[in-house]
Amino acid sequence: MLEKKHVLLGISGGIAAYKAAILVRALIKRGAEVRVVMTPAAKQFIAPLTLATLSRHPILVDFFNPENGAWNSHVDLGLWADAYVIAPATANTLGKMANGIADNLLVTTYLSARCPVFVAPAMDLDMYRHPSTVRNLARLAADGVHIVEPGSGFLASGLEGKGRMSEPDEIADALDAFFREMSRPKRLAGKKVVVSAGGTVEPIDAVRYISNYSSGKMGYALAGAFLRAGAEVTIVRASVDAALVGSVPGTREVEALSAADMLAAMRCSQADADILVMAAAVADYTPEETSDRKIKKKDGEPRLLLRLKETTDVAAELGRNKRPGQLLVGFALETDDEERHALEKLHRKRLDCIVLNSLRDPGAGFGCATNKITIIDKTGRFHRFGLKKKSEAAEDIVEQVCAMLDDAEQDEPAGL
Ligand code: CTP
C-alpha cells in the first residue's frame, strides 16, 4: 500500500534515532519515496549523511541553508507528504506538537501538514508514564494524530519497561494498514450515524445514584467501525470508562447521563440520522423522587424504601417515530432464554436488527474487551459470530447494517 506514497520522516533527538535508518529502508522497500526532517538534537544520534544516502534526498534541519540562504519551506514539505511520521518522537517533541510550539523545522512542518500524522514515541519508562506525556499524547490523539504505541523491554537508561520505540517494520505496518483502510470503499459515506454508549446514571440524592456495569466499550468500538466505513458519527454517551471519552477522533460526542437525558438526546438526533444504534444500557426504572441534598441516615430506621418509576423506553420511542429508510439497531444482553427475549424486543421496539449477547458466554458482556454476538434481523434470520475483540464484532455489525441498507435501497420503488 506504500507504493509511490510520499512519506516525510521526522526524527527527533532520542537514542532510538539510530533505528530511523532502518525505517527509511523499510519504507523505501515497500515502494515509498522518503524525505527526512531532523531536529538539531537528532543529528547527535544519527549522521545526516546516512539518512541522505538511504533516502536519496538531502536532509532538512534548518529553516534555511546558511551557505546560500535557500529556504526549506515547511509548508511545501507538509503539502508534499502523503503521511508524516515522527519516529522517534521524544517527550520534548510530543510536548511541542501538543502545544503548537513551532521552534524547529520538524514541528513547524507538523503544524503545516495536511496529511495524516503518525508518532512513534520513544523515551524512558518514567518519562512515558509522566502525567505531562500522558496528557500530551491524549491531546495529540484527540487532534487526530495516530500513535504507534511503544513496546516494553530494555531501555537505553538500563531500566526495563514501556517506552521503547516500535520496531521500524511495525511502524511501516501501521502506515500500510492506514492506507489500506483509506482505500477501502466507504460504504457509509454521507450517512449520519448516532450511537448511544455506556450505562445511564439515575440520581437518588446529591451524592448517590443507580447505574449498571456498562463500560461503553462496545458503543465506542461501533462508533469507530462506522467512522471507518465513512459515516458521520455522533456518540451519545451516558457513563463510560474515562479512557474512552474522546478516544475516537473524528466523532462528535454528546453527554446524556440519565435515561431522561438519553431520551431527549436521541429524540433530538433522530430527525436527521440515517442509522440509530442503541448500545447504551438504559435504566428501566429511576427514583420517583430525587433529593438535591444528601439523604441522612436515621437512627432506629433499619430500612430505607426507594420508590422507582418506569423510564421511557428510548429504543421503542425511536422505533415508533422511525422515518422510512431510517435504520434502528438495538442490543439485548440476556442471561436466560436469550433468543426468545431478543426476538420479542426486536419486534416490540420495531428494530431493524438486534445484537444479542449472553452473559452466560465467557468473554462476553460488561467491561470485557471481547464479545460473542448473534445478530437477528427483522426477517427473523440469525447471524451467529464467534468470540471476537469488540472492535471486530463492531465491524460485523456495521457489515450487517450495510447489507440492510443495500436491501432497503433495492426495495425502493424505481424512479424515487
Ligand atoms: N433500551 C432503551 N430504553 C430503555 C431500556 C432499554 O432504549 N429504557 C434499549 C437498549 O439500549 C437496548 C434495548 O433497548 O438496545 C434492549 O435493552 P434491554 O435492557 O435488554 O431490554 P429491556 O426492554 O429493558 O428489557 P429487560 O430489561 O426486561 O430485559
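Everything below is about the structure printed above this text.
Residues numbered from 1 in each chain as written. Predicted model: local features only at pLDDT ≥ 70, side-chain atom pairs only at ≥ 80, totals over all residues. Heavy atoms only, no water.

This paragraph deals with the overall build of the chain. Counting secondary structure elements, the chain contains 13 helices and 21 strands. With the principal axes as the frame, the chain shows a C-alpha extent of 80 × 70 × 35 Å. Here the chain holds 416 residues, and 48% of them are scored as buried. Intrachain contacts of the chain at a sequence separation of at least 6 include 67% that bridge at least 24 residues. Of the roughly 21000 Å² of accessible surface on the chain, a fraction of 52% belongs to carbon and sulfur atoms. (Helix = DSSP H or I, 4+ residues; strand = E, 2+ residues; numbered from the N terminus. Buried < 20%, exposed > 50% of the residue type's maximum accessible area, 1.4 Å probe, protein only. Contact = heavy atoms within 4.5 Å. Areas by Shrake-Rupley, 256 points an atom, 1.4 Å probe, with all protein chains shown as cover.)

To continue, consider the sheet that holds strand E19 (residues 374–377). An order of E12-E11-E8-E13-E16-E17-E19-E20 is seen for the eight strands of this open sheet, with the pairing classed as mixed. Of all the strands in the sheet, just strand E12 (252–255) and strand E20 (382–384) have a single pairing partner and so form its edges. Each strand of the sheet is rotated relative to its neighbour by a mean of 20 degrees, with strand direction disregarded. The pairing of strand E17 (residues 353–358) with E19 spans four bridges and is classified as antiparallel. Across the sheet, the residue bridging to valine 355 is isoleucine 375, located in E19. The strands touched by helix H10 (residues 259–270) are strand E8 (192–197), strand E11 (232–237) and strand E13 (275–278); relative to E8, the strand with the most contacts, the crossing angle is about 170 degrees. In this fold helix H13 (residues 390–411) packs onto E13, strand E16 (327–334), E17, E19 and E20, with an angle of close to 140 degrees to the strand it touches most, E16. (Pairing = 2+ DSSP bridges. Axes fitted to C-alpha atoms, helices over the stretch in contact; angles between N-to-C directions.)

Moving on, we get to the side chain of glutamate 338. Looking at the element boundaries, glutamate 338 is found in helix H12 (residues 338–348). Looking at glutamate 338, its side chain comes within polar contact range of the side chain of arginine 360, at 3.0 Å. Residue contacts for glutamate 338: discarding those within four places in its chain leaves Leu356, Ser358 and Arg360. (Polar contact = N/O pair within 3.5 Å; in protein donor to acceptor, adjacent residues only side chain to side chain.)

Right, let's talk about the environment of valine 355 for a bit. Topologically, valine 355 is positioned in strand E17. Filtering out sequence-adjacent residues up to four positions away, valine 355 remains in contact with Val329, Gly330, Phe331, Ala332, Ile373, Thr374 and Ile397.

Before going further, it helps to examine the packing of helix H1 (residues 20–29) against helix H8 (residues 168–183). Here H1 crosses H8 at 40 degrees, and the two axes come no closer than 9 Å. On the basis of their axis angle, the class for H1 and H8 is oblique. As for the relative orientation of H1 and H8, their crossing is right-handed in sense. In this structure, H1 uses Ile22, Leu23, Ala26 and Leu27 to contact H8, whose residues at the interface are Pro168, Asp169, Ile171, Ala172 and Leu175. When grouped by side-chain class, the residues that make up the contact of H1 with H8 number eight nonpolar, no polar and one charged. (Parallel < 35°, antiparallel > 145°, perpendicular 65-115°, else oblique. Left-handed = near helix turned anticlockwise from the far one by under 90°. Nonpolar A, V, L, I, M, F, W, Y, C, P; charged D, E, K, R; others polar.)

As a further point, take the pattern of salt bridges. Close approach of charged atoms allows side chains of opposite charge to pair. Under the criterion given, the structure shown has 31 salt bridges. A salt bridge links arginine 187 to aspartate 406; the shortest N-O distance between them is 3.3 Å. With arginine 187 in the loop between H8 and E8 and aspartate 406 in helix H13, this pair connects stretches of sequence that are 219 residues apart. Taking relative accessible area as the criterion, arginine 187 reaches 42% and is therefore assigned partly exposed. Across the salt bridge formed by aspartate 361 and lysine 372, the nearest N and O atoms sit 4.0 Å from each other. (Salt bridge = Lys/Arg side-chain N within 4 Å of Asp/Glu carboxyl O.)

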